[in-house]
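Structural overview
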Amino acid sequence: MNTLTITQVTKLYDVTPRMLRHYEKLGLITPCKSEDYAYRLYDEAAIRRLQQIIILRKLRFSLKQIAAILQDNAQQEALQIMRDSIAELDSEIDSLSKVRSIIGEFANLLDLSLRTKMSFDLLKDETITEVIDTLSLSKSTLKEKYSMNDLEKANDVLNHPENVRIVLLPPFTVASFHQIGKNPEESDEISDFIRESQLYEIKPDARFFGFNHPNPGVRDDGLYGYEQWVTIPDDEDIQIPLPPTLTKKHFEGGLYAALTIKFPEFHRWNDLVRWVNESDRYEANYSELGDEIMGGCLEEHLNWVYSAHMGWPENGIDGQLDLLLPIKPK
């Protein structure tokens, strides 16, 4: 296999550049370098490792577990991780079986009431009291087939975003930083601005957003851009001087479908897009600029401003993001 560029890898394996770099930081993947290229290249060994990571992620292992599995030459820890996962799945299967049985009872009673024309009030019938208390459930379709196609289908069900929220972002003013390069989203410009200006003390409700500008694959050189926003006071009486690298902009606001993810699960964009496409109430309202600004989609890094203000403490708040896709009512 010839080496692949980061753009080729992201398109072939449906991963984002940030995910790849995060895997590299964890020591899961090691790209190779070439004098002919200024950016990352991935050889056969790196691609094989990426494929292993993708499969293990679809099998619902965390990145911490995946690191342990791939780095465990003796395979003892990997075996224990697999056994623990099986135990968790058995618990979910047992819970799903109970729920299925209860729903089956309800369906039988309703069917009987329809056939006999006898009234049956589902919410008042004593059978409802037999429903077990809150269960932590995931829908699983994994049975006896192990092909990649079956795994893909099972993963789609497991990751179906049932907790999508509809949010209305208000208009606000932002300090913007835009960069094109190898790792444009890893700039410290906004973090430095937050700390030096004491923005969090002045505006504790400040929020941080980011988006590709332009998206990977738009440029022929393999580089891409990322624009970062942090909200700043609109009050004319509270003026915060901006460094020359930052630009003041105004955001008009709008309606968005939102899905919360853990860093770096950016592949969940596909789940949010599917949810919007399948919605009977909303449809996508992408920007006319298209991939130049990621269709108008935003990524809000939750608790980002506070963490930056505190100097990114080692044991700080876990990284979470809201994926935000612009929508409008049908």
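Scroll up for the structure.
The following refers to the structure shown.

What counts and what doesn't
- Each residue is numbered by its place in its chain's sequence as written, counting from 1.
- Only residues with pLDDT of at least 70 get local features here, since the model is predicted, and only at 80 or more are side-chain atom pairs given and counted; chain-wide, interface and lining totals rely on the full set of residues.
- Values reported for side chains reflect all heavy atoms of the structure, with hydrogen atoms and water molecules removed beforehand.
- By the criteria applied, helices consist of DSSP H or I runs no shorter than four residues and strands consist of E runs no shorter than two, each listed in order from the N terminus.
- Three labels apply to residues, based on accessible area from a 1.4 Å probe with only protein chains included: buried if under 20% of the type maximum, exposed if over 50%, partly exposed otherwise in between.
- In what follows, residue pairs with any heavy atoms lying within 4.5 Å of each other are defined as contacts.
- For Phe, Tyr and Trp, where Trp contributes only its six-membered ring, two rings pair if their centres lie within 6.5 Å, and the inter-plane angle classes them as stacked under 30 degrees, edge-to-face over 60, or tilted in between.
- Distance and angle both matter: a charge sits over a ring if NZ of Lys or CZ of Arg is within 6 Å of the ring centre and within 35 degrees of the ring normal.
- Like-charged residues are merged into a patch within 9 Å and nonpolar side chains (Val, Leu, Ile, Met, Phe, Trp, Tyr) within 5 Å, provided each residue has over 30% relative accessible area and no salt bridge.
- Surface accessibility follows the Shrake-Rupley procedure with a 1.4 Å probe radius. Residue values consider only the protein chains on display as shielding.
- One side-chain nitrogen of Lys or Arg within 4 Å of one carboxyl oxygen of Asp or Glu is enough to make a salt bridge.
- Counting rule for charge: Lys and Arg are taken as positive, Asp and Glu as negative, and neither His nor the chain ends is counted.
- By convention, the charge on Lys lies at NZ, on Arg at CZ, on Asp at CG and on Glu at CD.

With respect to the side chain of Lys 203
Tracing the sequence through the fold places Lys 203 in the loop between α8 (199-202) and β5 (208-212). Among the residues examined, Lys 203 registers a relative accessible area of 17% and is labelled buried. Setting aside residues up to four positions removed in sequence, Lys 203 forms contacts with Thr 231, Ile 232 and Pro 233.

Some remarks on the packing of aromatic side chains
Under the defined criterion, the tally for this structure stands at 8 aromatic pairs. For the pair Tyr 200 and Tyr 306, a centre-to-centre distance of 5.3 Å together with 65 degrees between the ring planes defines the contact as edge-to-face. Taken together, the residues span a long stretch of sequence, with Tyr 200 in helix α8 and Tyr 306 in helix α10 (residues 304-309) at a distance of 106 residues. The exposure class assigned to Tyr 306 is partly exposed, which follows from its relative accessible area of 35%. The interplanar angle of 90 degrees and the centroid separation of 5.7 Å between the aromatic rings of Phe 263 and Phe 266 together place this pair among those described as edge-to-face. Three or more aromatic residues link up through ring pairs in this structure, and these residues are Phe 172, Phe 209, Phe 211, Trp 229 and Phe 251. Cation over ring: Arg 18 sits above Phe 266, and NZ or CZ is 4.0 Å from the ring centre.

Details of a negative patch on the surface
Residues Asp 234, Asp 235, Glu 236 and Asp 237 make up a contiguous surface patch of negative charge. In this fold, Asp 234 is placed in the loop between β6 (224-232) and β7 (247-251). The exposure class of Asp 234 is partly exposed, given its relative accessible area of 45%.

Considerations on unusual backbone geometry
Residue Pro 214 follows His 213 across a cis peptide bond; omega there is 0 degrees. Residue position: Pro 214 is located in the loop between β5 and β6. Residue Gln 198 is not a glycine yet carries a positive backbone phi of 55 degrees. On the secondary structure map, Gln 198 appears in the loop between α7 (189-197) and α8. By relative accessible area, which is 37% here, Gln 198 ends up partly exposed.

Focus on helix α2 (residues 17-25)
Most of α2 sits inside the fold, with 8 of its 9 residues counted as buried. Following α2 by one or two positions, Gly 27 has its phi on the positive side, about 80 degrees.

Overview of the environment of Thr 30
With respect to the helices and strands, Thr 30 occurs in the loop between α2 and β2 (41-42). Taking C-alpha positions, Thr 30 is 9.6 Å from Ile 47, a pair spaced 17 residues apart along the chain.

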